[in-house]
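A look at the structure
Below are the chains, spelled out letter by letter.
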Amino acid sequence: MNWAFTSSGTVTETYAAGLLRNMLEIPSSSYQERALADYLAEAMSDLGFEAHIDGVGNVIGVIERGAGPTLMLLGHMDTVPGHVPVRSEDGCLYGRGAVDAKGPLAAMICAAAGAVDFPGRIVVIGVVEEETPQSRGAMAIRATHDRPDALIIGEPSGWSSVVLGYKGKLDLRYTVKCPATHPSNPVPKASELAVACWHALVELLGPDAGHGVFDQPGATLCRLNGDLTTATADLSVRIPPEFDVDGFVRELRERLPTGDLDVLNSVAACRVGRADPAVRALVSGIRRLHAQPRLVVKTATSDMNTLAEAWDIPMATYGPGDSSLDHADDEHIVLSDYQRGIDVLTTAISELAHLPVRRDGRVADAPPRVRSLR
């Protein structure tokens, strides 16, 4: 028996904690994930996966255990910039990515490695560039991999909560140039026009817009650079289901007297129902640990959005960690919650072993479900 496993085949708590700590010790901000990918490919190989790194830098581990369903567990390796010293303190493990999202990814690896009775194929993926506008890692997975029979996305939900959906996102860039002039000249300056673009966007969204409500859009002025002659504004709108992206962009352009408004990225909102098999499997895992599951929606965006646009399959988002600590200077995960997350995922994998195998692009005997919502 490999020392990483207990006599029953599950990954030991000591190994699980060490795996996450090692991951935190390897910096992996967006576009700099290769060192972590190399480490995870080796670690997963040691745990019994067939592991490799694909053409865009995603690390992929596969365990084949029979002709049953294919389950994909997908988290991201990249973090936002910033150093959080790695340390253990009062039952917590600190480090950049402890919550977002190395903790959930490590939990997935440990749970999958210990799922000795799963009768099919488990694919665990650490993707690159989730924290960037283009989500290049997830885009490559949906373009190059067959749709699995079920998908769990690794993001911090809290160990006793399951995420049913996310707002979508619309990223815009406004650029404008004006002739040089004296500051006292009453003609509009480039910097003033960029500010006016922001105000026009906010006005167009309406008075009820905000980030705190899932069914309303919320805007952020991400970057503003400008002077009298040139200016650029990067604008991001988190969009709810059924949001008319084309109509919104068209109307905003009509309100701008000059300059160029470009769409940098657009991804639709997504949401699954409470009866989704992936949701039910995770809920079973939470209940087995004697907790009351919470089913939530998020006003941010994740790789669930990207994959839901192409894959109509059972899916949900789950992972240990407090999402209020995403990107925080004191980012940390409670180690007991991390272990509970592994236990919940272990149960969920067992529950999903009974999922019908897909035939002709659809789960056998299952009705279609709405995934990506425009």
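Here the structure is shown first, and the text comes after it.
First, a word on scope: everything that follows refers to the structure included in this document.

1. Looking at the overall build of the protein chain
When helices and strands are counted, the protein chain shows nine helices and 19 strands. Taking 374 residues into account, the globule formula puts the C-alpha radius of gyration at 21 Å, and the protein chain, at 22 Å, falls close to it. Counting only residues that meet the buried cut, the protein chain has 54% of its 374 residues in that class. Split by element, the accessible area of the protein chain, about 16,100 Å² in all, is 49% carbon and sulfur. Both charge centroids of the protein chain, one from 34 positive and one from 48 negative side chains, sit 4 Å from each other.

2. A word on the sheet that holds strand β4 (residues 87-89)
Spatially, the three strands line up as an open sheet ordered β4-β5-β16, and their pairing is antiparallel. Each edge of the open sheet is held by one strand with a lone partner, namely β4 and β16 (332-334). This sheet shows a mean twist of 20° between the axes of neighbouring strands, independent of strand direction. Here strand β5 (residues 92-94) pairs with β16 via three bridges, running antiparallel.

3. Structural notes on the sheet that holds strand β9 (residues 168-177)
Reading across from one edge, β10-β11-β9-β12 is the order of the four strands in this open sheet, with antiparallel pairing throughout. Each having just a single partner strand, β10 (218-226) and β12 (260-267) make up the two edges of the open sheet. Taking the axes of each pair of neighbouring strands and ignoring which way they run, one obtains an average angle of 15° across the sheet. Pairing between β9 and β12: seven bridges, direction antiparallel. Residue pairing in the sheet places leucine 172 in a bridge with valine 263 of β12. Against the sheet, helix α5 (residues 190-205) contacts β9, β10 and β11 (230-239), and its axis sits at roughly 15° relative to β11.

4. So, the pattern of salt bridges
A full pass over the atoms with the stated rule returns 13 salt bridges. For arginine 121, the salt bridge identified is with glutamate 64, shortest N-O distance 2.8 Å. Here the residue arginine 121 occupies a position in strand β6 (residues 121-127), and glutamate 64 occupies one in strand β2 (residues 59-64), the gap between them amounting to 57 residues. Residue classification places arginine 121 among the partly exposed positions, given a relative accessible area of 29%.

5. A short note on a nonpolar patch on the surface
Residues Val195, Leu221 and Leu224 make up a contiguous nonpolar surface patch of roughly 200 Å² in combined accessible area. With respect to the secondary-structure elements, leucine 224 resides in strand β10.

6. Side note on the packing of aromatic side chains
How two aromatic rings sit relative to each other is set out by the distance from centre to centre and by the angle between their planes. Tallying each qualifying case throughout the model produces one aromatic pair. Ring geometry for phenylalanine 243 against phenylalanine 248: centres 5.5 Å apart, planes inclined by 55°, an arrangement best described as tilted. Overall, phenylalanine 248 belongs to the buried group, its relative accessible area being 7%. Against the face of tyrosine 94 rests arginine 87, its NZ or CZ located 3.9 Å from the ring centre.

7. Let's talk about the packing of helix α1 (residues 13-25) against helix α2 (residues 34-46)
For any two helices packed against each other, one specifies the inter-axial angle together with the distance between the axes. For the pair α1 and α2, interaxial distance at closest approach is 10 Å and the crossing angle is 160°. For the element pair α1 / α2, the angle class is roughly antiparallel. Considering only the axes of α1 and α2, their crossing is right-handed. Listed contacts from α2 to Tyr15, Leu19, Asn22 and Met23 of α1 are Leu36, Tyr39, Leu40 and Ala43. For the contact of α1 with α2, a count of residues per class yields seven nonpolar, one polar and no charged.

8. Quick notes on the packing of α5 against helix α6 (residues 245-254)
It is the contact of α5 with α6, at a shortest axis distance of 10 Å, that shows an interaxial angle of 135°. For the element pair α5 / α6, the angle class is oblique. Considering the relative orientation of α5 and α6, their crossing is right-handed. Side by side, α5 and α6 meet where Cys197, Ala200, Leu201, Leu204 and Leu205 of the first sit next to Phe248, Glu251 and Leu252 of the second.

9. Structural notes on the state of the cysteines
Scanning the model with the defined rule gives zero disulfides in all. Cysteine 92 forms no disulfide, and the closest cysteine sulfur to it belongs to cysteine 110, at a distance of 18 Å. No disulfide involves cysteine 222; its nearest neighbouring cysteine sulfur is the one of cysteine 197, lying 12 Å away.

10. Digging into helix α9 (residues 335-352)
Residues spaced three or four apart along an α-helix face the same direction, because each turn holds 3.6 residues. With 18 residues, α9 extends 26 Å from end C-alpha to end C-alpha; this agrees with the ideal 26 Å at 1.5 Å per step. Regarding α9, the residues found buried are Tyr338, Gln339, Gly341, Ile342, Val344, Leu345, Thr347, Ala348, Ile349 and Leu352.

11. As for the environment of leucine 224
By relative accessible area, leucine 224 is classed as partly exposed at 40%. As for leucine 224 and tyrosine 174, which are separated by 50 residues in sequence, their C-alpha atoms are 9.6 Å apart. For leucine 224, the contacting residues outside a window of four places in its chain are Ala194, Val195, Thr232 and Ala233.

Calculation rules
Residue indices follow the written sequence of each chain, beginning from 1 at its first position. Under the rules for a predicted model, residues below a pLDDT of 70 receive no local features and side-chain atom pairs below 80 are neither given nor counted, while totals for whole chains, interfaces and linings still include all residues. Only hydrogens and water are removed before side-chain values are computed, so all heavy atoms of the structure are retained for them. Secondary structure elements are defined from DSSP: runs of H or I of at least 4 residues count as helices, runs of E of at least 2 residues count as strands, and each element is numbered from the N terminus. In this setup the radius of gyration rests on C-alpha atoms only. A globule is expected at 2.2 Å times the number of residues raised to 0.38. Relative accessibility under 20% of the residue-type maximum defines a buried residue, over 50% an exposed one, and the middle range a partly exposed one, all with a 1.4 Å probe and only protein chains included. Only the protein chains shown count as covering a residue, and every accessible area follows the Shrake-Rupley method with a 1.4 Å probe. This count recognises Lys and Arg as positive and Asp and Glu as negative, with His and chain-terminal groups excluded. To locate a charge, take atom NZ for lysine, CZ for arginine, CG for aspartate or CD for glutamate. For two strands to be treated as a pair, DSSP must find at least two bridges joining them. Angles run from 0 to 180 degrees between N-to-C directions of axes, and those axes are lines fitted to C-alpha atoms, restricted for helices to the stretch in contact. We call two residues contacting when some pair of their heavy atoms lies within 4.5 Å. Salt bridges, as used here, are contacts in which a Lys or Arg side-chain nitrogen is within 4 Å of a carboxyl oxygen on Asp or Glu. Without a salt bridge and with relative accessible area above 30%, a residue can belong to a patch; like charges are then joined within 9 Å and nonpolar side chains (Val, Leu, Ile, Met, Phe, Trp, Tyr) within 5 Å. Only rings of Phe, Tyr and Trp enter the pairing, Trp through its six-membered ring, and a pair is recorded when the two centres are within 6.5 Å. The plane angle decides the type: under 30 degrees is stacked, over 60 is edge-to-face, the rest tilted. Charges are assigned to positions over rings by a cutoff of 6 Å between ring centre and Lys NZ or Arg CZ, combined with an angular limit of 35 degrees from the ring normal. Oblique is the label for any angle not covered by the other classes, which are roughly parallel (under 35 degrees), roughly antiparallel (over 145) and roughly perpendicular (65 to 115). Left-handed is the label given to a crossing in which the near helix is rotated counterclockwise from the far helix by less than a right angle, and right-handed is the label when the rotation is clockwise. Throughout this entry, Asp, Glu, Lys and Arg are counted as charged residues, while Ala, Val, Leu, Ile, Met, Phe, Trp, Tyr, Cys and Pro are counted as nonpolar. The remaining residues, Gly among them, count as polar. Any cysteine sulfur atom paired with another within 2.5 Å is treated as part of a disulfide. By this rule the span expected of a helix is its residue count minus one, scaled by 1.5 Å.

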